Amino acid sequence: MRASQQDFENAVNQVKLLKKDPGNQVKLQLYALYKQATDGPCNVSKPGVFDLVNKAKWEAWNALGSLPKETARQNYVDLVSSLSPSSEASNQGKSGADVKVQESKDIVVTSEDGITKIMFNRPPKKNAITFQMYQDIILALKNASTDNSAITVFTGAGDYYCSGNDLTNFTSASGGMEKAAEGGAVLLREFVNSFIDFPKPLVAVVNGPAVGISVTLLGLFDAVYASDKATFHTPFSHLGQSPEACSSYTFPKIMGSAKATEMLLFGKKLTAREACAQGLVTEVFPDSTFKKEIWTRLKAYAKLPPNSMRISKQLIRKNEKEKLHAVNAEECSTLKERWLSEECINAIMSFLSRKSKL
Ligand SMILES: CCCCCCCCCC/C=C/CC(=O)SCCNC(=O)CCNC(=O)[C@H](O)C(C)(C)COP(=O)(O)OP(=O)(O)OC[C@H]1O[C@@H](n2cnc3c(N)ncnc32)[C@H](O)[C@@H]1OP(=O)(O)O
């Protein structure tokens with residue numbers, strides 16, 4: 001039987017009464033179907049790259065193409081009925097079987113054995129982080145904070161952990177440079193906030209070289225395990241930039257200001273063993289046994305009582321949260337200026353024209 005206008009209106013009201021947040025993907029789908037059912041195919045222009053929320057909504061609506069209004073209405077009603085209290089209850093009981101929990105090309109999120117794994121998956125570009133990947137990671141962390149896993153793990157596919165910010169982000173942003181820098185700073189701040197506020201144990205499995213923001217973020221992780229093939233490099237001065245991800249605060253705290261200066265100002269690249277000696281890395285493993293040893297260990301950790309781990313992490317983080325947010329805000333506003341500097345623009349152009357590499 002086709003859904004009537006009354007069924008549709010009832011479903012719209014039912015959504016407002018949902019007890020449990022259905023998650024961003026479902027909310028986007030509901031939005032898209034609602035717009036399609038009421039206004040028809042997407043007829044507004046695409047929001048700018050930095051207008052994250054409206055861009056995601058536009059993309060969801062636009063993806064419905066020329067779906068007829070009646071079909072959209074029916075699909076909306078069906079979707080809402082699948083979110084009714086009885087199905088909410090049955091979803092809560094789901095175990096963390098091996099499932100892919102987020103569809104996205106360059107960030108793969110899976111959940112297995114109490115571990116949510118977020119993997120940089122762009123090996124041809126050494127896992128450099130695009131605008132889309134920043135957004136996918138924000139979403140993945142949001143979902144992981146409430147899923148039924150005990151710990152969350154970042155790792156990289158291929159030979160690199162991650163080569164940091166994709167330097168073509170500087171040329172792909174739409175609008176003028178100032179607007180792009182402003183939007184970049186907003187995105188970076190939200191991205192780093194999602195690490196500062198992440199409530200469960202956050203672990204990095206550093207399978208190979210790490211560069212830039214993938215290194216600085218490690219100061220916000222709870223444990224960092226590295227292959228002896230990994231290296232740690234923050235070439236900010238070479239790029240005319242400045243530290244991010246709270247590293248101007250976490251690195252001096254972790255390794256002392258003299259060692260932090262060598263990394264953050266002079267761009268000294270550390271081996272995994274050096275990074276371990278300086279407290280940035282928890283433990284180093286021979287590459288030949290790294291994966292086997294680390295996943296066995298993490299599976300055992302994930303069996304520990306999750307609430308206890310969460311509460312302990314929050315005790316450790318609580319006194320620093322405000323400070324970390326303030327540092328993040330200041331670093332982003334400093335970077336916004338740096339990105340417009342001649343030093344930075346020249347360095348990026350030099351990389352993109354293949355005149356320089358790290
Ligand atoms: C105004 C706009 C504002 C933008 C806002 C962005 C928002 C957040 C910003 C957060 C800031 C973060 C700071 C950083 O992360 S700084 C670190 C940036 N990373 C780098 O400088 C690394 C650059 N890459 C290299 O030096 C080398 O590629 C390498 C990693 C040492 C590897 O060298 P190798 O010889 O082994 O391999 P290739 O160079 O041949 O690389 C293979 C292909 O991958 C591409 N690649 C690698 N890294 C990056 C990168 N970071 N960005 C873009 N592309 C990258 C490389 O070009 C090759 O591509 P190709 O095969 O097509 O040539």
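See the structure printed just above.
Parameters at a glance
Residues numbered from 1 in each chain as written. Predicted model: local features only at pLDDT ≥ 70, side-chain atom pairs only at ≥ 80, totals over all residues. Heavy atoms only, no water. Salt bridge = Lys/Arg side-chain N within 4 Å of Asp/Glu carboxyl O. Helix = DSSP H or I, 4+ residues; strand = E, 2+ residues; numbered from the N terminus. Buried < 20%, exposed > 50% of the residue type's maximum accessible area, 1.4 Å probe, protein only. Pairing = 2+ DSSP bridges. Arc of directions from axis to C-beta.

(A) Local environment of the pattern of salt bridges. Considering all chains together, one arrives at 16 salt bridges under this definition. Asp222 serves as the salt-bridge partner of Lys313, at 2.8 Å between the closest nitrogen and oxygen. Pair noted here: Lys313 is in helix H14 (residues 306-318) and Asp222 is in the loop between helix H9 (213-216) and strand S7 (223-227), with a separation of 91 residues, a long-range link. Of the residues examined, Lys313 reaches a relative accessible area of 5% and is grouped as buried. For Asp222, a relative accessible area of 39% puts it in the partly exposed group. Ionic pairing is found between Glu262 and Lys268, a salt bridge with its closest N-O pair at 3.9 Å. Given a relative accessible area of 31%, Glu262 falls into the partly exposed group. What makes Lys268 partly exposed here is its relative accessible area of 32%. Through salt bridges with shared partners, one network takes in Lys46, Lys55 and Glu59.

(B) Structural view of unusual backbone geometry. With phi around 50°, Asp113 is a residue other than glycine that occupies positive phi space. By secondary structure assignment, the location of Asp113 is in the loop between strand S2 (107-112) and strand S3 (115-120). The class of Asp113 is partly exposed, set by a relative accessible area of 39%. With a phi angle near 60°, Ala245 is a residue other than glycine that sits in the positive phi range. We classify Ala245 as buried; its relative accessible area is 1%.

(C) Structural view of the pairing of strand S5 (residues 202-206). Counting buried positions along S5 yields five of five residues, so the element is predominantly enclosed. Where strand S4 (residues 151-156) lies against S5, four bridges are found, and the strand directions are parallel. Across the sheet, the residue bridging to Thr152 is Leu202, located in S5. The pairing of S5 with S7 spans four bridges and is classified as parallel. Counted as the bridge partner of Ala204 is Val224 from S7.

(D) Structural view of helix H11 (residues 257-264). Burial in H11 covers these residues: Ala260, Met263 and Leu264. Taken end-on, H11 shows its buried residues confined to a sector of 80°, consistent with a single buried face.

(E) Inspection of helix H16 (residues 342-352) at higher detail. If you check which residues of H16 are buried, you get Cys344, Ala347, Ile348 and Ser350. Projected down its long axis, H16 carries its buried residues within an arc of 160°, all on one side. Looking one or two places after H16, you find Arg354, whose phi comes out positive at around 60°.

Function cannot be read off these values alone, since they describe shape.
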